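Spelled out from the first residue to the last, the chains are:
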Amino acid sequence: MSKNILLTGGSGFIGKKLTTLLINHGYSVSILSRTERKPSKDITYYKWDIENNYIDETSVLKADYIIHLAGEGIATKKWSRKRKKEIIDSREKPIELIYSVLNKNNKSLDAFISASAVGIYGVFTSENICNEETPAANDFLGETCQKWETATESIKSLGIRTVIIRTGLVLGKGDGFLKKLTPLFKYSFGSIIGTGKQYMPWIHIDDLCSIYLLAITNTNMNGPFNAAVTDNTNNAVFSKALAKVYNHSLWLPKVPSFVIKLIMGEMSNIVLTGQRVSSQKIENAGFKFKYSNLEPALISCIK
Ligand SMILES: NC(=O)c1ccc[n+]([C@@H]2O[C@H](COP(=O)([O-])OP(=O)(O)OC[C@H]3O[C@@H](n4cnc5c(N)ncnc54)[C@H](OP(=O)(O)O)[C@@H]3O)[C@@H](O)[C@H]2O)c1
């Protein structure tokens, strides 16, 4: 019988693409969602309500692997105190809920794999290339990722192999970060943001999904792994490449940092700062990027 993989947040941008890849590799896929969904031929849906500590326990009891992608959008609303709590709770509490089911039922898993983000290294720009040993930052994103990752310790304490995928900006077709930018660049209204020197560690969605697949099959993988290309893509490089893909060149002036700060508040740090990350550890685990150059990656998302 095929191994069952339970995805939290499986209905999202990454989850949908990962579901297809897993099914194509012969896994059976279940999804935990806050919304009642119609069952499909290939996917079993289970319901949970994190705020009220409700989870359909069968989802966990039938799982061989769990991949935790669920979480409120980091950049969808301004970071009020309430919003910050929602962002953290929506990542931490699901892990606590899953742990309680595993613990209560003395149930094990082949592995628990959780998303995290390269934001753990902090929202500032430096020439440093962050690796998995680089300490977490004290700013909001650093603390969020740290709490998200620390929550997985309870599952690890049950003797379950636990892997964390510290994800960069995910480039994919019709969704995610590019969905917001492409209309501007398509009609030649894109421009560099702030100084343009802030690094943008990126990864193509196909590569990210392959990393999750590797985390399932490579039983030597444990702990955090950066999932982003190590290159010199900063905002200026990225903006020029995206304009080029649409056969334009940038003509508008840079958008000044203070304008972005006025519009986005503290959240502006996400677009105004950025550091490079090292992909050495995931490559040492046997991963080969299909997309390591920005332009072909962008073309595949747009054409
Ligand atoms: N996309 C990126 O560039 C990127 C970069 C770094 C890290 N990541 C991380 O990777 C994970 C998946 O990203 P994504 O882009 O696929 O996100 P997404 O499209 O926003 O999907 C996230 C999913 O999480 C679930 N969710 C949202 N709010 C929730 C809440 N309050 N409680 C429980 N579940 C909730 C939703 O599923 P239901 O509506 O079905 O419940 C949603 O489909 C996220 O944790 C994200 O932070 C993404």
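A brief structural summary. Everything numeric here is computed off the predicted structure, so don't read it as measured data.

What follows deals with the pattern of salt bridges. Counting across every chain of the model gives 14 salt bridges. Because the salt bridges share partners, they merge into one network encompassing Arg34, Glu72, Lys82, Arg83 and Glu86.

Right, let's talk about a positive patch on the surface for a bit. Taken together, the side chains of Lys16, Arg37, Lys179 and Lys180 present a region of like positive charge at the surface. By the secondary structure assignment, Lys179 is in helix H6 (residues 176-186).

Evaluated as defined, the whole model comprises one cavity of 30 Å³ or more. Of the volumes computed, that of the largest cavity is approximately 30 Å³. Along the walls of the largest cavity sit Phe185, Ser188, Phe189, Gly190, Ala243, His248, Ser249 and Leu250, which together make up its complete lining. Residue classes in the lining of the largest cavity are distributed as four nonpolar, four polar and no charged.

One pair of aromatic rings is described through two measures. These are the centre distance and the angle between the planes. Counted according to the given criterion, the structure contains four aromatic pairs. Residues Phe287 and Phe289 carry aromatic rings whose centres are separated by 5.0 Å and whose planes lie at 80 degrees to one another, so their mutual orientation is edge-to-face. It is Arg91 that lies over the ring of Trp148; its NZ or CZ is 4.7 Å from the centre.

Of the voids in this model, the second largest pocket is the one considered here, and its volume is about 180 Å³. Elements that contribute at least two residues to the lining of the second largest pocket include exactly strand E2 (28-33) and strand E3 (43-49). The greatest single-element share of the lining of the second largest pocket, amounting to three residues, is contributed by E2. Of the residues that constitute the lining of the second largest pocket, the class distribution is three nonpolar, five polar and two charged.

Let's shift gears to the sheet that holds E3. Across the sheet, which stays open at both edges, the eight strands sit in the order E4-E3-E2-E1-E5-E6-E8-E11 with mixed pairing between neighbours. A single partner strand is all that each edge strand has here, and the edge strands are strand E4 (54-55) and strand E11 (223-227). Two strands pair when backbone bridges link them, and strand E6 (residues 111-117) and strand E8 (residues 162-167) are joined in this way by six bridges, in the parallel orientation. The residue bridging Ser116 from the neighbouring strand is Arg166, located in E8.

Looking now at the site of the ligand. The ligand sits among 23 residues. The nearest are Ser11, Ser33, Arg34, Glu72 and Arg91. Here an oxygen atom of the ligand sits 3.2 Å away from a polar atom, N or O, in the main chain of Gly71. Side-chain polar atom of Glu72 to a nitrogen atom of the ligand: 2.8 Å apart, as the coordinates give it. Put simply, the parts of the chain that give the shell around the ligand at least two residues each are helix H1 (13-24), helix H3 (81-104), E6 and strand E9 (169-171).

Before going further, it helps to examine the nonpolar core. The tendency in soluble globular proteins is for nonpolar side chains to be buried side by side. Within the largest apolar cluster, 82 residues are counted, with the highest numbers of intra-cluster contacts made by Leu22 and Ile67. With nine residues, helix H7 (residues 205-217) is the single largest residue contributor to this core. Not counting the four nearest positions on each side in its chain, Ile67 is found in contact with Ile5, Leu6, Leu7, Thr8, Leu18, Leu22, Ile113, Tyr212 and Ile216. Trp79, Ile193, Met264 and Met267 belong to the second largest nonpolar core, which has 11 residues in total.

The next thing to look at is unusual backbone geometry. Positive phi, normally seen in glycine, also occurs at Asn53, with a value near 55 degrees. Inspection of the secondary structure assignment puts Asn53 in the loop between E3 and E4. Assessed through its relative accessible area of 57%, Asn53 is described here as exposed. One non-glycine residue with positive phi stands out, namely Asn106, at about 50 degrees. Its location among the elements puts Asn106 in the loop between H3 and E6.

Rules used in this analysis
Residues numbered from 1 in each chain as written. Predicted model: local features only at pLDDT ≥ 70, side-chain atom pairs only at ≥ 80, totals over all residues. Heavy atoms only, no water. Salt bridge = Lys/Arg side-chain N within 4 Å of Asp/Glu carboxyl O. Patch = residues over 30% accessible without salt bridge, like charges linked within 9 Å, V, L, I, M, F, W, Y side chains within 5 Å. Areas by Shrake-Rupley, 256 points an atom, 1.4 Å probe, with all protein chains shown as cover. Lys, Arg positive; Asp, Glu negative; His and termini not counted. Charge placed at Lys NZ, Arg CZ, Asp CG, Glu CD. Helix = DSSP H or I, 4+ residues; strand = E, 2+ residues; numbered from the N terminus. 1 Å grid on protein atoms, 1.4 Å probe; cavity = no way out; pocket = protein on both sides within 12 Å on 5 of 7 lines; lining within 4 Å. Points joined across faces, edges and corners; volume = space filled by probe spheres on them. Nonpolar A, V, L, I, M, F, W, Y, C, P; charged D, E, K, R; others polar. Phe/Tyr/Trp six-rings, centres within 6.5 Å; stacked < 30°, edge-to-face > 60°. Lys NZ or Arg CZ within 6 Å of the ring centre and 35° of its normal. Pairing = 2+ DSSP bridges. Near = heavy atom within 4 Å. Polar contact = N/O pair within 3.5 Å; in protein donor to acceptor, adjacent residues only side chain to side chain. Core = buried A, V, L, I, M, F, W, Y, C linked by side-chain atoms within 4.5 Å. Buried < 20%, exposed > 50% of the residue type's maximum accessible area, 1.4 Å probe, protein only. Contact = heavy atoms within 4.5 Å.

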